[in-house]
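Structural description and commentary
Chain by chain, the residues run as shown.
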Amino acid sequence: MLTYDEMDDALLMERICKQDDSRAFSVLVRRHEKKLLNFFLRSGVQYDAEDLVQQTFLRLYRYRNRYSPSAKVTTFLFLLARQVWIDELRKRKRRERLAEGLAEEMGQQTAVSAADEVAAAGTADIAGALAKLPEGMRLVVELGVYQDLPYAEIAEILGIPQGTVKSRMFNALAQLRRMLVSD
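Read on for an overview of the structure. For clarity, every value in this text was computed on a predicted model and none was experimentally measured.

**Structural notes on the overall build of the protein chain**
Across its full length, the protein chain carries nine helices and zero strands. Secondary structure elements of the protein chain, listed N to C terminal, follow the sequence α-α-α-α-α-α-α-α-α. Expressed as a percentage of the 183 residues in the protein chain, the buried residues total 38%. Residue pairs in contact within the protein chain that sit at least 24 positions apart in sequence constitute 56% of those at least 6 positions apart. Accessible area for the protein chain stands at about 10,900 Å²; split by element, carbon and sulfur atoms hold 50% of it.

Structure follows, in structure tokens:
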């Protein structure tokens, strides 16, 4: 009988998929976490590479039944890691767009410091501040900043005039700036 450390990746994945074997999962994590960490570091992640490694393993567990034994486990793992990295880049881009939106809406002098502060703020801070906005303003920000939709399309989706979209965006960004700067 093979010990867990003697099992190859395919056998470990089989045990994870069929038996929900947590020890097999632990061995797989231990075996590949440094490779994934290096992947993220070489990809340009500076501060949260370990978080991205954890997210990758969470996805591996979540999507374990999508693994096909015809592919190498490392191939599947790095495909998941690549998707985690792409999602992280998208999150960063949304944060940058929000900061740029603040800069544009608030005027250059005061907004430069606000944009820097928003860019430095964590996702949780922005998400928490967004959650505090009235629904109409929150929807405008989410559609405009996060979904990158033009004002005309937002107006059509929400069934409101385009001018209302613009004023809600301005007011929402002003409130977000106040919330984020005061924290």
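Once you've had a look at it, read on.
**A closer look at the side chain of D21**
Structurally, D21 is set in the loop between helix 1 (9–19) and helix 2 (22–42). Here R15 takes part through its side chain, which lies 2.9 Å from a polar atom of the side chain of D21. If we skip the residues at most four places from it in the chain, D21 touches Y4, R15 and I16.

**A short note on the layout of surface pockets**
The computed volume of the largest pocket comes to approximately 210 Å³. Every residue lining the largest pocket is counted, twelve residues in all, and those nearest its centre are G101, E104, G144, V145 and Y151. Among the elements that line the lining of the largest pocket, the one with the most residues is helix 4 (residues 73–106), at five residues.

**Comments concerning helix 7 (residues 135–146)**
Taken as a whole, helix 7 has its buried residues at M137, V140, V141, L143, G144 and V145. Count one or two residues on from helix 7 and you reach D148, which has phi positive near 60°.

**Some thoughts on the packing of aromatic side chains**
The relation between two aromatic rings is expressed through the spacing of the ring centres and the mutual angle of the planes. For the structure shown, the criterion picks out five aromatic pairs. Between the aromatic rings of F25 and Y61, the centroid separation amounts to 5.4 Å while the plane-to-plane angle is 75°, which identifies the pairing as edge-to-face. Here the residue F25 occupies a position in helix 2, and Y61 occupies one in helix 3 (residues 49–62), the gap between them amounting to 36 residues. Taken together, the ring pairs connect F25, F57 and Y61 into an aromatic cluster. Above the face of the Y61 ring, R64 is positioned so that its terminal group lies 4.0 Å from the ring centre.

The rules we used
Residues numbered from 1 in each chain as written. Predicted model: local features only at pLDDT ≥ 70, side-chain atom pairs only at ≥ 80, totals over all residues. Heavy atoms only, no water. Helix = DSSP H or I, 4+ residues; strand = E, 2+ residues; numbered from the N terminus. Buried < 20%, exposed > 50% of the residue type's maximum accessible area, 1.4 Å probe, protein only. Contact = heavy atoms within 4.5 Å. Areas by Shrake-Rupley, 256 points an atom, 1.4 Å probe, with all protein chains shown as cover. Polar contact = N/O pair within 3.5 Å; in protein donor to acceptor, adjacent residues only side chain to side chain. 1 Å grid on protein atoms, 1.4 Å probe; cavity = no way out; pocket = protein on both sides within 12 Å on 5 of 7 lines; lining within 4 Å. Points joined across faces, edges and corners; volume = space filled by probe spheres on them. Phe/Tyr/Trp six-rings, centres within 6.5 Å; stacked < 30°, edge-to-face > 60°. Lys NZ or Arg CZ within 6 Å of the ring centre and 35° of its normal.

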